[in-house]
Amino acid sequence: MRCAVPAAAHSAAQLKGNGLTDIFHEVDEEVRREQLKKLWERYGHYLVAACIIVIAGIGAWRGYEWWQAKQAAETGAAFEQAVKLAEAGKHQDAAAAFAKLADDGAAGYRVLARLREAAALAATDRKAAVAAYDTIAADNRVGQVVQDLAAVRAGLLLVDSAPYPQILQRLEPAAAADRAFRHSAREILALAAWKAGDMSAARQWTEAIMSDPQSPPGPRSRAEMLSALIAASAKG
């Protein structure tokens, strides 16, 4: 019986402590609610505005992505139609279609359309095609690889008519050891030099092709044939 009184007293104290804790929690909650209310009254409109801006930004970005996809699909269809015109032999119509895509098409198609426009022009107006390729070759925005490709294609159109010094001026940079289209550039230079009767230059370019371990089989084989012709002409 003597143990029951302290135990009862302890339980009463514990209940009292729990009651005080609950009161303190309620006071804390009330204080927090009051603070949040004041913060909302002071800054709530800024938060709402920020939410609206974020939602509007997401919507605008989604709209832009949709517009880009639509433009790309339309340009792709137009490009395919222009290719069909070229394959059907309607080179003038194809050149006009590619020119329009180069001006108005989606960004990913513009450079390709410019190259295809020049290729279509080559079938009917070689001078205009060379001018179109020259414009691309001089445009630093398209990148060195595309510039060299345009220069090589222009050189190929000119190899039968232009003097060797002009071909050399056009293609010597593209024939450097670190350039992507060096094999084609060297082959055109070798042929132009041989046509001009400059056997020393022709030999220089055929040797550059044959000594390059990365030269493809086609250019290497043609260089070997031209080298044999050069050797035969030297004996004759």
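Here the residue numbers are simple positions, counted from 1 along each chain's written sequence. Two thresholds apply to this predicted model, a pLDDT of at least 70 for residue-level local features and 80 or more for giving and counting side-chain atom pairs, whereas whole-chain, interface and lining totals are computed over all residues. To obtain the side-chain values, all non-hydrogen atoms of the structure were included, while hydrogens and water were left out.

**Some remarks on the overall build of the protein**
- Numbering of helices and strands runs from the N terminus; a helix is a DSSP stretch of H or I covering at least four residues, while a strand is a stretch of E covering at least two. Per the secondary structure count, the protein includes nine helices and zero strands.
- Along the protein, from the amino end to the carboxyl end, the secondary structure elements read α-α-α-α-α-α-α-α-α.
- Only heavy atoms matter for contacts: two residues are in contact if any of them lie within 4.5 Å across the pair. Sequence-distant contacts, at least 24 apart, represent 46% of the contacts inside the protein between residues at least 6 apart.
- The protein chains shown are the only cover counted for residues, whose accessible areas, like all others here, come from Shrake-Rupley with a 1.4 Å probe. By element, 60% of the accessible surface of the protein is carried by carbon and sulfur atoms, the whole surface being about 15,400 Å².

**Considerations on the nonpolar core**
- Ranked by size, the top nonpolar core spans 47 residues in total, and within it Phe98, Leu115, Tyr133, Tyr164, Ile167, Leu171 and Leu189 carry the most contacts.
- The element that contributes the greatest number of residues to this core is helix H5 (residues 144-158), accounting for eight residues. To qualify as a nonpolar core, a set must consist of buried Ala, Val, Leu, Ile, Met, Phe, Trp, Tyr and Cys residues joined through side-chain atoms within 4.5 Å. Any residue under 20% of the maximum accessible area for its type is buried, any over 50% is exposed, and the rest in between are partly exposed; the area is computed with a 1.4 Å probe on protein chains only.

**Considerations on the pattern of salt bridges**
- Salt bridges are defined by distance alone: a side-chain nitrogen of Lys or Arg within 4 Å of a carboxyl oxygen of Asp or Glu. Throughout the structure, instances matching the rule amount to nine salt bridges.
- For Asp104, the salt bridge goes to Lys100, with nearest N and O atoms at 3.7 Å. Of the two residues, Asp104 and Lys100 both sit in helix H2 (residues 91-104), four residues apart, roughly one turn of that helix.
- The exposure class assigned to Asp104 is partly exposed, which follows from its relative accessible area of 48%.

**Quick notes on the confidence of the model for the protein**
- For every residue, the pLDDT score states the predictor's confidence, bounded by 0 at the bottom and 100 at the top. On average, residues of the protein score 82 in pLDDT, and 75% of them are at 70 or above.
- Per-residue pLDDT stays below 50 along residues 1-5; that stretch engages in zero contacts with residues further than four places along the chain or on separate chains.

**Notes on the packing of helix H3 (residues 107-122) against helix H4 (residues 126-137)**
- Lines fitted to the C-alpha atoms define the axes, with helices restricted to the stretch that makes contact. Angles between their N-to-C directions range from 0 to 180 degrees. Relative to each other, H3 and H4 sit at 160 degrees, their axes nearing to 7 Å. Considering their axes alone, H3 and H4 lie roughly antiparallel with respect to each other. Crossing of H3 against H4: the hand is left-handed. Together, Arg114, Leu115, Ala118, Ala119, Leu121 and Ala122 of H3 and Arg126, Ala128, Ala129, Ala132, Tyr133, Thr135 and Ile136 of H4 make up the contact between the two elements.
- Under the scheme applied here, ten amino acids are nonpolar (Ala, Val, Leu, Ile, Met, Phe, Trp, Tyr, Cys and Pro), four are charged (Asp, Glu, Lys and Arg), and all others, including Gly, are polar. For the contact of H3 with H4, the residue count by class is 10 nonpolar, one polar and two charged. For classification purposes, angles smaller than 35 degrees are called roughly parallel, those larger than 145 roughly antiparallel, those between 65 and 115 roughly perpendicular, and all remaining angles oblique. Helix crossings are classified by the rotation of the near helix relative to the far one: an anticlockwise turn of less than a right angle makes the crossing left-handed, while a clockwise turn makes it right-handed.

**Observations concerning helix H7 (residues 182-195)**
- Relative to the 20 Å expected for 14 residues at 1.5 Å per residue, H7 spans 20 Å between its end C-alpha atoms, a close match to the ideal helical length.
- The element H7 is extensively covered by neighbouring structure, given that 10 of its 14 residues are classed as buried.
- Listed in full, the buried residues belonging to H7 are Arg182, His183, Ala185, Arg186, Glu187, Ile188, Leu189, Ala190, Ala192 and Ala193.
- Here the buried face of H7 lies against H5, helix H6 (164-171), helix H8 (199-211) and helix H9 (217-235). A helix is expected to span 1.5 Å for every residue after the first.

**Some words on the environment of Lys100**
- Accessibility expressed as a relative area gives 54% for Lys100, which makes it exposed.
- The spacing of Lys100 and Ala78 is 22 residues in sequence and 9.6 Å in space, taken between C-alpha atoms.

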